[in-house]
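Results of the structural survey
Residue strings, one per chain:
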Amino acid sequence: MPDFHSNTKKKADICLNNYSRPKIMSQDLSFIANAHPNYIEKLYQQYNQDPKSVEEEWQTFFAGFEFASGETKDKTGGILLSTKEFSVLKLIEAYRKKGHLISDTNPIKKRKDRHANLELSYFGLDESDLETEFAAGAEVGLGKAKLKDIIALLRKAYARTIGFEYDYITDKEEREWFIQIAEKYYFDYELSIDKKKRVLKKLNDTAILEKFLGTKYIGQKRFSLEGGESTIPALDAIINKSASLGVKEVAIGMAHRGRLNVLTNIMQKTYEDVFSEFEKKTDYDVTMGDGDVKYHLGYSSIYNTMDGERVYVKLMPNPSHLEAVDPVVTGFCRAKADAIYNSDYDLILPILVHGDSAVAGQGIVYELLQMSGLKGYKTGGTIHFVINNQIGFTTDFDDARTSNYCTSVAATVLAPVMHVNGDDVEAVVFVSEVAAAYRQKFNKDIFVDMVCYRKHGHNEGDDPQYTQPQMYKIIKDHDNVRDIYSKYLTEKGQIEAELAKKMDERFWSDLQDRLDMVKEKSRPYDYQQPELAWQKMRKSKPSDFEESPDTAISKDTIVEIVKGLINIPEGFSVLRKVQKMLESRRLDMRKKENVDWAAAELMAYSSILLEGNDIRMSGQDVKRGTFSHRHATIYDEQTGEEYNRLNHFREHQGHFRIFNSHLSEYAVLGFEFGYSLTHPDTLTIWEAQFGDFSNGAQVMVDQFISSSESKWQRQSGIVMLLPHGYEGMGPEHSSARLERFLLLCAEFNMSVVNITSPANFFHVIRRQLARPFRKPLVVMSPKSLLRHPKCVSDISEIYSGKFEELIDDSKTVAPDKVAKVLFCSGKIYYDLLEKKEADNRKDVAIVRLEQLYPLPFTKMDAVIDKYKNAEYIWVQEEPSNMGAWSYLRSCYRKVDLEVVCRKSSASPATGYAKLHQEEQEQILKIAFGEKK
């Protein structure tokens, strides 16, 4: 088969080999699909009388039709083309649109009738027309041809073991590309002997693994690939074809089905490494974390292609939450492209291996697809490969979805789908190569839906006959793909038969080697620069959290940052409000100046950039900030042009990438987590529009952010900014669910802070890259404090100091006179401070816990020792079953803390502003002893 692309051409010239076929017209035929032949005939009569009396697209169509037929209209405008010509054209277009509905893609049972309506009668044709020649045959490359030959070609293109679903694509070039694939290249496709040998070897390797496991580890969970063995030749084909088109690296995300097979036969991990856990003899190193089961672990290797290319291949670790790994993979690829490929997404390819029930049922797939074409989340296209078992755990596909296909979601972003029979391994390899070629040419997502079956139950200890007795009766007697292909080669010809015989002998020899546990050599691996950077990081120690490192910056750096932030390009028309804000940011370092939250935040980012490190930030409305405080980018009020204020300090500085995300939390946070894994010196930040919205991404927090270091030994320095604070905005805009994050904290897995000082926020952001290890940072961000007159810091706190985990009451002059110590965190500090000052209370000390996890025990103990005569109270805005109270009560025992807070509640906050204010005042009165 000729290659789809030429390796010697530039990307802009990459296309199918030149293939010129006669066509009825220059554009596609989709616009006539719903037009009745009689209507087309009347239009044609008008065209004969006056070509300009019909629309331009019909002029082009009729002119092309006449050219293809070799006839012209007579001088009187008489019709020379029969109505049935147009009926044949409609038939051709119908096959292109709906032929996939009758394709032979199911290996174990007859396809469900999807009402394709491709019978002749639907087009005003019948069997008497089969021997009639039609000029419409030119549209499929036959010239004037008999109807029976036109139909034979259409069935050969669209009704064999591949179903091409592309009709909803609106781009003319893409449609034409797929028409050529289906109606030309699919016919000519023939694997070379070397490729056939490779395919059979991959099937052998796949079958050997499953037989080895089934023999040696009877009854143990392995989530077998049996029934979907063509997955391995498919992935091999995608990697080989992609490498020939310039791809240097591939990242794969998949759930457990077939994962062990991918680890051994794609990732080339040795049997010994993969199956040490099967032996149950492993000495577990719990100092490295709790670990995970074998079918969740990731791996990296270098893949050698048929053409001698070396491709970096990474299988990402994943939880059991199906599809959750998808945005992590794409975020990782985006970061890798930015870090080492100069943002050339053609050089790194994301492949997502889905299950049919999961791809149809999990909403994150839709969220991810909507990201695929967005400026901040493009990855140059993802190849989605679906192992379509036609069953979930025990659920038939009729109960698993409403759509015709599990891949119907692809149409929402006009991503083409190729449905393929998993028993036809050469067809699977063909569509895999087509997918790789399409991705490189059009930089869009594409789906391969490999319809197959699951040989066993959900796992090897499960009996599927309980729920699918008929299906599994068929499956029990169905030959596996390897045997089907070997038999096909044996029957095909002498060379193929000899190949099949030799490979069969090799199969049994290799299987015996595996059973005898013949030692395998691990493949060599060359570490990339980001991986070497991670190797310089170390695992944290408990002593690392007793004191934060110095994160101050120089006065000169502050001056440079402020000048850069307020400097606007000449001729740029700034909104008056923004200009006023910029003017207020001017600092005189000779005077005592205050810095508010926005200024401290931008200074933190800017200083990191000036140190040569990149920052990526995303979330809903992050460019200006939900509460209009950030304005990292500003817009020309005349032209709408965007100006990023943080990318123009120096010629050589880090890159500040900031993107407003679409309305998604789950997929976007997963994307950013994946981004954070690539390089330890890139700061990755996700901001929720409101902190409570983060619960839409709770799976990512639970399965990745809080636990990946323990499970998979993967550190991440991702920052989550979650606006939090009780300000009468109702139950959905008050709480970022601080209690949930604290519940996930253990083993120094992340930091959770609720900060009251702009300078302290400056230092905690800089701390993320200042330590020799990386931890996720969860920030309960302020809302009203962004503009609170007292929520400011002296500029000296920026050019000196470090992050303070606890801030004592500096205005308390006589500790022995203090009768009450109010511990608190976050916004309520300013409410307590206001009342303390208004009442002139000298006997009350307010102590701020800026970091809740890891809890600063030593500093808290020092406060207790300092105020020896006081009672100790924890004050929080949240109800008693929320916030930090339960957490503090469980882990801090030097004294018995009392609590002042809202009563236990099912909802985070009241929706009535007046009631909120009454509750807030009640908290303050009780805290200061005015009320019990």
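Below is a short write-up of the structure. Bear in mind the structure is a predicted one, so any value in this text is a computation, not a measurement. (Residues numbered from 1 in each chain as written. Predicted model: local features only at pLDDT ≥ 70, side-chain atom pairs only at ≥ 80, totals over all residues. Heavy atoms only, no water.)

**Observations concerning the nonpolar core**
How we decide: In plain words, nonpolar cores are sets of buried Ala, Val, Leu, Ile, Met, Phe, Trp, Tyr and Cys residues tied together by side-chain atoms within 4.5 Å. Summary of the burial criterion: residues with accessible area below 20% of their type's maximum are buried, those above 50% are exposed, and those between are partly exposed, where the area comes from a 1.4 Å probe applied to protein chains only. We count a stretch as a helix when DSSP gives it H or I for four or more residues in a row; a strand needs E for two or more, and each element gets its number in order from the N terminus.
Phe-62, Phe-164, Phe-178, Ile-266, Met-418 and Phe-430 are the most contacted members of the largest nonpolar core, which has 109 residues in total. For this core, the element with the most residues is helix 14 (residues 425–442), which contributes twelve residues.

**Points about the state of the cysteines**
The condition that has to hold: Disulfides are defined in this document as cysteine sulfur pairs within 2.5 Å.
Applying the stated criterion to the full structure yields zero disulfides. Free cysteine Cys-891: the closest other cysteine sulfur is in Cys-745, separated by 9.8 Å.

**Re the packing of aromatic side chains**
Put simply, the rule is: For Phe, Tyr and Trp, rings pair up if their centres lie within 6.5 Å, where Trp contributes its six-membered ring, and each pair is then called stacked (planes under 30 degrees apart), edge-to-face (over 60) or tilted (otherwise).
For the structure on display, the rule yields 25 aromatic pairs. The interplanar angle of 50° and the centroid separation of 5.5 Å between the aromatic rings of Phe-178 and Tyr-438 together place this pair among those described as tilted. Of this pair, Phe-178 sits in helix 5 (residues 172–188) while Tyr-438 sits in helix 14, and the two are 260 residues apart along the sequence. The exposure classification of Phe-178 matches that of Tyr-438, with both residues buried. Between Phe-857 and Tyr-892, the aromatic rings sit 6.2 Å apart at their centres with planes inclined by 25°, giving stacked as the arrangement.

**So, the side chain of Ser-676**
In plain terms, the rule: We call two residues in contact whenever any of their non-hydrogen atoms come within 4.5 Å of each other.
One can find Ser-676 in helix 22 (residues 666–676). By relative accessible area, Ser-676 is classed as buried at 3%. Beyond its immediate stretch of four places on either side in the chain, Ser-676 contacts Trp-534, Thr-684, Ser-716 and Ile-718.

**Considerations on the packing of helix 11 (residues 326–340) against helix 22**
To describe two helices that pack against each other, one gives the angle between their axes and the distance between the axes. Spelled out, the test is: To obtain each axis, a line is fitted to C-alpha atoms, and for helices this fit is confined to the stretch in contact; angles are then taken between N-to-C directions over 0 to 180 degrees. An angle counts as roughly parallel when it lies under 35 degrees, as roughly antiparallel when it exceeds 145, as roughly perpendicular when it falls between 65 and 115, and as oblique in every other case. Each helix crossing is assigned a hand: it is left-handed if the near helix lies turned anticlockwise from the far helix by less than a right angle, otherwise right-handed if that turn is clockwise. Residues are grouped as follows: Ala, Val, Leu, Ile, Met, Phe, Trp, Tyr, Cys and Pro are nonpolar; Asp, Glu, Lys and Arg are charged; all remaining types, including Gly, are polar.
Look at helix 11 against helix 22: their axes get within 6 Å of each other, and the N-to-C directions meet at 45°. The orientation of helix 11 with respect to helix 22, classified from their angle, is oblique. Judged by the twist between their axes, the crossing of helix 11 over helix 22 is right-handed. The segment helix 11 lies against helix 22, with Pro-327, Val-328, Thr-330, Gly-331, Phe-332, Arg-334, Ala-335 and Asp-338 engaging Ala-667, Gly-670, Phe-671, Phe-673, Gly-674 and Tyr-675. Partitioned by chemical class, the residues of the contact of helix 11 with helix 22 number eight nonpolar, four polar and two charged.

**Focus on unusual backbone geometry**
Across the junction of Tyr-853 and Pro-854, the peptide omega takes the value -10°, indicating a cis bond. Within the secondary structure layout, Pro-854 lies in the loop between strand 24 (851–853) and helix 28 (857–866). Not every positive phi belongs to a glycine, and Asn-117 is a case in point at roughly 55°. Among the secondary structure elements, Asn-117 is positioned in the loop between helix 3 (83–98) and strand 1 (133–134). Positive phi values are uncommon outside glycine, yet Phe-748 reaches one of about 55°. Mapped onto the secondary structure, Phe-748 falls in the loop between helix 25 (738–743) and strand 18 (751–753). Here Phe-748 falls in the partly exposed class, since its relative accessible area comes to 26%.

These figures capture arrangement, not role.
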